[in-house]
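# A look at the structure
One letter stands for each residue in the lines below.
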Amino acid sequence: MALKTRKEYEESIRKLKLNVYANGEKIESVVDHPLTKPHVNAARMTYELAHDPAYEDLMTVKSHLTGKKINRFTHIHQSTEDLVKKVKMLRMLSQKTGTCYQRCVGFDALNAVYSVTFEMDEKLKTEYHQRFLKYLQYVQENDLMIAGAMTDPKGDRGLKPSQQKDPDLYVHIVEENEKGIVIRGAKAHMTGMVNSHEMLIMPTTALGEGDRDYAVCCAIPTDAPGVLHIFGKQTNDERKYGELDQGNAKFGIVGGEALTVLEDVFVPWERVFMCKEYEWAGLLVERFASYHRQNYGGCKGGVSDVLIGATATMAEYNGVARASHIREKISEMIHLTETLYSGSIACSSEGRPTRSGAYFVDPLLANVVKQNVTRHIYEIARLSHDIAGGLIATLPSEKDLKHPELGKYIEKYFKGIDSVCTEDRIRIARLIENMTGGTALVESMHGAGSPQAQKVMIARQANLEHKKNLAKKLAGIKEERKEEK
Amino acid sequence: MKVGVKFCGNCNPHIDTISLYRELVYSLPTEFVNYEDEYELLLVLSACEVDCAARPGRGHPELVVAGSTINRLPAGKKDLLNELKEQLLATFRRMGRKGM
Ligand SMILES: Cc1cc2nc3c(=O)[nH]c(=O)nc-3n(C[C@H](O)[C@H](O)[C@H](O)COP(=O)(O)OP(=O)(O)OC[C@H]3O[C@@H](n4cnc5c(N)ncnc54)[C@H](O)[C@@H]3O)c2cc1C
């Protein structure tokens, strides 16, 4: 079963014995619960479209391990074409869902762990990569959804993991025996975790010798004993119990994040891919972060395509579509969107093979993409708010619209142009509200790392000495003269 | 004559290749098959001019729709279907096939 259908995906998630809580209650089935269902629907699209001839060129690829057709989300990039197609796939999926379909994080984790374990084995004579190959084949053959679990809760950001008062604020190894290891801690903001089959755990940050117990990379099932998920509360998520007020009722807002607690979870050796090799944590973080930052011009490009469409439609419904400032603002939204997309395409086209043969993006350009996302998405949302008008913040509820006495006033006073019914105008307004408010925007700021994390990487990769030399040469400055002084 | 069909992944659809394909199947007696099956001519349906659809690489002759172009020549959007049918017939003839 190299390619699961959407039904098979749903059934496979139903079979898991997940320990998920939200609003103080246990969720019995994430596939059916109103809070989690939209996120399952979004993830389901990654399975559904793999079977559709109109999308499979992006959604599927041949496994370099088995030669079988697999879902691209389980693939290890073998060329720059693979890297480019990843970006295009993300853009297309975002256009279909208007939100996050969660599977890229695990995809990036698989690719990062693949090349890093290869290099570890070469240098350290370990067997991590061989273990990982077996795991990867299992993932590909069962078309598994993997949550990429990097971010630790981190406590005092000014202290290293081993310096924290509470040692569990970063995931760490608490026991090592002949069968495997036992880990404890938590992973925060886990996208798609509650509807994934497995999680791939990685360290959050570069580590020093004192932090060796925190240097752990391993895979565990999302329903392993000792694993508990506390589902995040999103902006307006009580609306998930209705339809129209949600704006994007089918697919929800971002990825349905959770806090995943790991209370002494046992991991057998065949699923351990780093155990205390603290010198390698930084490299793994950088590889993962660069792959993940590559994505954002694709996924946010696609989400912005939907938002631009919604905003242009709203302008039509309001009767202002021909106004020159509106057209100019829509062009600006398009320009910003394509700027994001260009960066993702560029860092993919400039990709290069790693020692393992897997392709890696250009890290400087990938960091530039994500840095742009932390700004441009806010500007795109701002322009959308400007054009849409205040009703996106003040609309009455679906219940009032359907109310036998109140409904007629809403129909009458929220009407735009004559040819469009009020409910459609409200629907577009709600979609804009959904895509540009609270939870949706923060993902662009902190997902794949806060802006400063990219700035550090950009500064490190920028080859500043070369730039200074260029300037000095043109200005006629001779290095020797400085020494003469 | 069997024609294998390969779609691009539709991330930037300037034309609706799915409808185009349906109309083509409806209006020609030709046998269209999946690109993974056996065929003699490959029809690539790319929704924009970038035409990034991966080719199966089996060396068959190709007819490529990419956005509103056919084999890199502009085809009027309205006439895309008719022009495609004509080009298919011409390709069949070049390949020594009379019928469809
Ligand atoms: C919607 C969403 C989905 C996510 N999905 C995933 C996921 O699937 N998997 C995953 O692993 N992670 C995920 N993340 C986590 C994301 O990578 C983190 O949010 C991000 O790395 C920032 O970490 P933080 O939230 O703890 O913020 P903080 O690290 O607390 O950052 C807050 C501010 O403090 C600054 N700061 C932090 N530490 C320092 C320091 N030592 N010195 C100076 N300044 C500092 C930062 O630059 C920033 O300005 C997700 C986040 C969001 C919002």
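Residues numbered from 1 in each chain as written. Chains lettered and ligands numbered in written order. Predicted model: local features only at pLDDT ≥ 70, side-chain atom pairs only at ≥ 80, totals over all residues. Heavy atoms only, no water.

### Brief notes about the nonpolar core
All names here are of chain A. Ranked by internal contacts, the top residues of the largest apolar core, which has 122 residues, are Ile 183 and Leu 200. Sorting elements by how many residues they give to this core places helix α5 (residues 104–124) first, with 10 residues. When we break this core down by domain, the ones giving at least three residues each are domain 1 (6–279) and domain 2 (292–472). If sequence neighbours within four positions are ignored, Leu 200 has contacts with Ala 109, Leu 110, Val 113, Phe 132, Ile 146, Ala 147, Gly 148, Ala 149, Cys 217, Cys 218, Ala 219 and Phe 273. (Core = buried A, V, L, I, M, F, W, Y, C linked by side-chain atoms within 4.5 Å. Buried < 20%, exposed > 50% of the residue type's maximum accessible area, 1.4 Å probe, protein only. Helix = DSSP H or I, 4+ residues; strand = E, 2+ residues; numbered from the N terminus. Domains from an automatic or database assignment. Contact = heavy atoms within 4.5 Å.)

### Focus: the sheet that holds strand β1 (residues 20–22) of chain A
Consider a sheet: its strands pair through backbone hydrogen bonds, and that pairing is either parallel or antiparallel. Residue and element names in this part refer to chain A. If you trace the six strands from one edge of the open sheet to the other, you get β2-β1-β10-β11-β7-β6, paired in mixed fashion. Either end of the sheet is taken by a strand with one partner, and the two such strands are β2 (25–26) and β6 (172–176). Relative to strand β10 (residues 227–231), β1 runs parallel, the two being bridged by two bridges. Within the sheet, the bridge partner assigned to Val 20 lies in β10 and is His 229. (Pairing = 2+ DSSP bridges.)

### Observations concerning the domain arrangement of chain A
Residues and elements named next belong to chain A. Each domain of chain A was delimited in the assignment, giving domain 1 (6–279) and domain 2 (292–472). One C-alpha centre belongs to domain 1, the other to domain 2; they are set 25 Å apart. In this assembly, 39 residues from domain 1 lie in contact with 42 residues from domain 2. Summing both partners gives a buried area of about 3300 Å² for domain 1 against domain 2, and 58% of it is carried by carbon and sulfur. Of all residues in domain 1, Val 87, Arg 91 and Leu 244 bury the most surface against domain 2, accounting for 22% of the area lost on that side. The partner of Glu 433 in a salt bridge is Arg 239, with the nearest N and O atoms 2.8 Å apart. In this assembly, domain 1 and domain 2 are joined by 18 residue pairs in polar contact (both at pLDDT 80 or more). Contributions of two or more residues to the side of domain 1 that touches domain 2 are made by α4 (80–97) and α5. Among the residues forming the side of domain 1 that touches domain 2, the class breakdown is 13 nonpolar, 17 polar and nine charged. (Buried area = accessible area lost by both parts, 1.4 Å probe. Salt bridge = Lys/Arg side-chain N within 4 Å of Asp/Glu carboxyl O. Polar contact = N/O pair within 3.5 Å; in protein donor to acceptor, adjacent residues only side chain to side chain. Nonpolar A, V, L, I, M, F, W, Y, C, P; charged D, E, K, R; others polar.)

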